[in-house]
Amino acid sequence: MMIHVFLLFSLCLSGLHRVSSLGINYGQVGDNLPPPDKVLDLLSSLQLTKARIYDTNPHILTTFVNSNIELIVTVENQILPVVVDPQQALQWVTTHIKPYFPATKITGIAVGNEIFTDDDTSLLGYLVPAIVSIHGALAEIGLDKYIQVSTPNSLAILEESYPPSAGSFKGEVSSVMSQFLQFLSSTGSPFWINAYPYFAYKDSPNKISLDYALCNKNPGMVDPYTKLHYDNMLYAQVDAVAYAMSRLGYGGIEVRVSETGWPSKGDADEVGATVQNAAAYNRNLLRRQMSNEGTPLRPNMRLEVYLFALFNEDLKPGPTSERNYGLFQPDGTIAYNVGLSALATPSSTSSASISLTSSATKASKVEYQSLVNWMFVCFLIVQVFMRRQ
């Protein structure tokens, strides 16, 4: 009798709306960043449960033990030639993964980052063998069912991206890309893409609508071949990758966004890099993630997205924008308010913050009311069930 009631209650709760598709990139290229325990507190206060790091920092992996944060860790680019050797890959997994799992929820390993478009073209030949070796090492110790292996890619791998249905990979990477896609298909792993509408807008501000790039309300565009309507550039970029994979015979692989963001500050020639635009982009993205949206091509498959980044990182090379993608300053104050309710706490104030009605706060109120409504319905159903018994 109680088992039936429990199952019924569980089914009722399963209808509740939850955000499970939003993560954040936790970069560490700075000399003034908070220690991992403070970062964990921050992630917990924001109710974020997914994060990606760019190494296997043992301090972070130890700190995140018994937390509810799912971590993607990284095999650094320069290590790829080493882990091509299956024995070296096993040594790497035994040293960097096994001691922490499962207490630390490592769910993914990124083998390199943007290797297909790296300046060091010699790395491309090591990529797939390294991925296969790392996955084989996980299988040898029984972790392959719990940890996915893939590699994040720049949108520069695409020869064509507009309209989305014309998406295709560059010819020079197609051979290795086919090998990589075969691995993803055989293991059920996702294709990770680093997608930044900001770059497209910065390069062509007179041709690309700012509202379209920011995911603001706009007329959007219709793909002339599929007739699918796109109201933001990010979804168009993701679908272009999906179409490119289909052209190589791999249409069923999930696409996930391993990085996306918008800088809050830039150099004079970095058009659009402002606090207002950064807040708008990430706030709009958060709203869509609260709805667990899919893209026009795959509307029923919610798109998993990792924001870039948690902190502004002062030691990153390159233009000013590279050091200003963070939602937070290193001292814990917000760079701008994107709508996460915890950003509005008294301890997180900043002169750069934007006063707004948080769409996330509204959504959380709706979610809370949904919980109350569902619990009431479940209570009535249980009462009826018990009376019939």
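Overview of the structure. (Residues numbered from 1 in each chain as written. Predicted model: local features only at pLDDT ≥ 70, side-chain atom pairs only at ≥ 80, totals over all residues. Heavy atoms only, no water.)

**Regarding the environment of Met 290**
- Considering the arrangement of structural elements, one finds Met 290 in helix H11 (residues 275-290).
- We classify Met 290 as buried; its relative accessible area is 13%.
- As for Met 290 and Ser 20, which are separated by 270 residues in sequence, their C-alpha atoms are 8.7 Å apart. (Helix = DSSP H or I, 4+ residues; strand = E, 2+ residues; numbered from the N terminus. Buried < 20%, exposed > 50% of the residue type's maximum accessible area, 1.4 Å probe, protein only.)

**Here we look at the pattern of salt bridges**
- All chains considered together, the criterion is met by ten salt bridges.
- A salt bridge links Asp 231 to Arg 288; the nearest nitrogen and oxygen atoms lie 3.2 Å apart. Linking Asp 231 in the loop between strand S11 (229-230) and helix H10 (233-247) with Arg 288 in helix H11, this pair joins segments that are 57 residues apart in sequence.
- Here Glu 254 and Arg 256 are joined by a salt bridge, their closest N and O atoms 3.1 Å apart. Arg 256 carries the same exposure label as Glu 254, and that label is buried. (Salt bridge = Lys/Arg side-chain N within 4 Å of Asp/Glu carboxyl O.)

**Things to note about the sheet that holds strand S6 (residues 152-154)**
- The strand order S5-S4-S3-S2-S1-S13-S12-S9-S6 describes an open sheet built from nine strands, whose pairing is parallel. Strands with a single pairing partner mark the edges of an open sheet, and in this sheet they are strand S5 (148-150) and S6. Taken over all neighbouring pairs, the strand axes of this sheet differ in orientation by 25° on average, direction set aside.
- Pairing of strand S9 (residues 191-194) with strand S12 (residues 255-260) involves four bridges; the strand directions are parallel. (Pairing = 2+ DSSP bridges. Axes fitted to C-alpha atoms, helices over the stretch in contact; angles between N-to-C directions.)

**Details of H11**
- Taking 1.5 Å of rise per residue, 16 residues should cover 22 Å, and H11 covers 22 Å from first to last C-alpha, within 8% of that figure.
- Most of H11 is tucked away: twelve of the 16 residues are buried.
- The complete set of buried residues in H11 reads Asn 277, Ala 278, Ala 279, Ala 280, Tyr 281, Asn 282, Asn 284, Leu 285, Leu 286, Arg 288, Gln 289 and Met 290.
- One or two positions beyond H11, positive phi appears at Asn 292, with a value near 50°. (Expected span 1.5 Å × (residues − 1).)

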